[in-house]
Amino acid sequence: MKHFFNLIRYKNLLMIALMQYLIKYALLEPFGVASALNAFSFSLLTIATICIAAAGNVINDIYDVETDFVNKPDKIIIDKHITEKTAYNMFIALNAIGVSAGFYVSLQVNRSSFFALFVIISALLYIYATYLKRSLLIGNIVISVLVSLSIIIVGIFDLIPAITTQNRSTQFVFFKILMDYTYFAFIINLIREIAKDIEDINGDYKSGMNTLPIAIGRNRAHKILFGLSIIPLFTTIYYITNTLYKNEIAVIYFLIFIVAPLFYLCIKIYTAKTTLDYKHISNILKLVMLFGMLSLLLYKYILL
């Protein structure tokens, strides 16, 4: 059971679930925002999201065995603790559960066409693991889009179907907040993907991948990584000065828990040289994502 949870990256899945529940119960419900999903349907939306994400993690590990032998020999699960056949069965089962739950939720909001979103995400995760991951930047961008979709999907299923002529402006205000978090999640994950590519350059090279550091060299990739790291820092400062400046609690929180780690991140990227440095950078980015998610708890004070 321990190896199963490690294979599906249960910590990442818990972060996705936490994010979605914070959106629903810390951002939307305190303001009485019209929503299309009741508690049960919303739970199914979360189950659909994390099951499809878990399936993506499984198929990714199946196709990563060769590179993991070089990059993470102590963390290999496929063929060491779980057979490849069992892993494939898990991949199929998790996708079946996720897509089925997504289909039910789509029917509940009277938007059967929304069901296609779950099928597309599932298919893209498979294509990413089998093909796109080896492509220059495309794989990084696709996986970052899919990660950020776990945020905006709440707006798609809970806000959009509940829009009326009377509440349209309110719904769009909250949808825009979700879009801001979606953009933030995208850029943070893109930075993390490139940092991981630099960290895993040796194993990726032996497996014939064409990641950014392999294609243009580690030093150039490092410079691009540093350039990208400046974007969330300055956009967060802009967000504070233009949106949060009237709320002292929110400003202090964002300065301490978002801006300070992002500033530290820029310094660490600028000085990074070893594999351990890039691993540390990846962990910082996870922490920034967590603090970003928890900031949703502040909106009942911000939107007064």
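Thresholds applied
Residues numbered from 1 in each chain as written. Predicted model: local features only at pLDDT ≥ 70, side-chain atom pairs only at ≥ 80, totals over all residues. Heavy atoms only, no water. Core = buried A, V, L, I, M, F, W, Y, C linked by side-chain atoms within 4.5 Å. Buried < 20%, exposed > 50% of the residue type's maximum accessible area, 1.4 Å probe, protein only. Helix = DSSP H or I, 4+ residues; strand = E, 2+ residues; numbered from the N terminus. Contact = heavy atoms within 4.5 Å. Expected span 1.5 Å × (residues − 1). Bend = angle between axes of the 7 residues up to and from the residue. Polar contact = N/O pair within 3.5 Å; in protein donor to acceptor, adjacent residues only side chain to side chain.

## Some remarks on the nonpolar core
No. 1: F157 and F254 are the most contacted members of the largest nonpolar core, which totals 79 residues.
No. 2: Residue contributions to this core peak at 14 residues, all from helix α8 (residues 168-199).
No. 3: Excluding anything up to four places from it in sequence, F254 contacts Y181, T236, Y239, I240, L244, V259, S295 and L298.
No. 4: Residues I8, A53, A55 and V65 belong to the second largest nonpolar core, which totals 20 residues.

## Section: helix α12 (residues 248-271)
No. 1: Between its first and last C-alpha, α12 extends 33 Å over 24 residues, near the 34 Å set by a 1.5 Å rise per residue.
No. 2: At L255, α12 shows its strongest bend, of approximately 35°.
No. 3: Inspection of α12 places A250, V251, Y253, F254, I258, V259, P261, L262, L265, C266 and I269 among the buried residues, and these make up the whole buried set.
No. 4: Looking at the buried residues of α12, the elements they touch are α8, α11 (218-244), α13 (275-294) and α14 (299-302).
No. 5: Where α12 begins, the capping side chain belongs to N247, and its oxygen is found 3.2 Å from the backbone nitrogen of I249.

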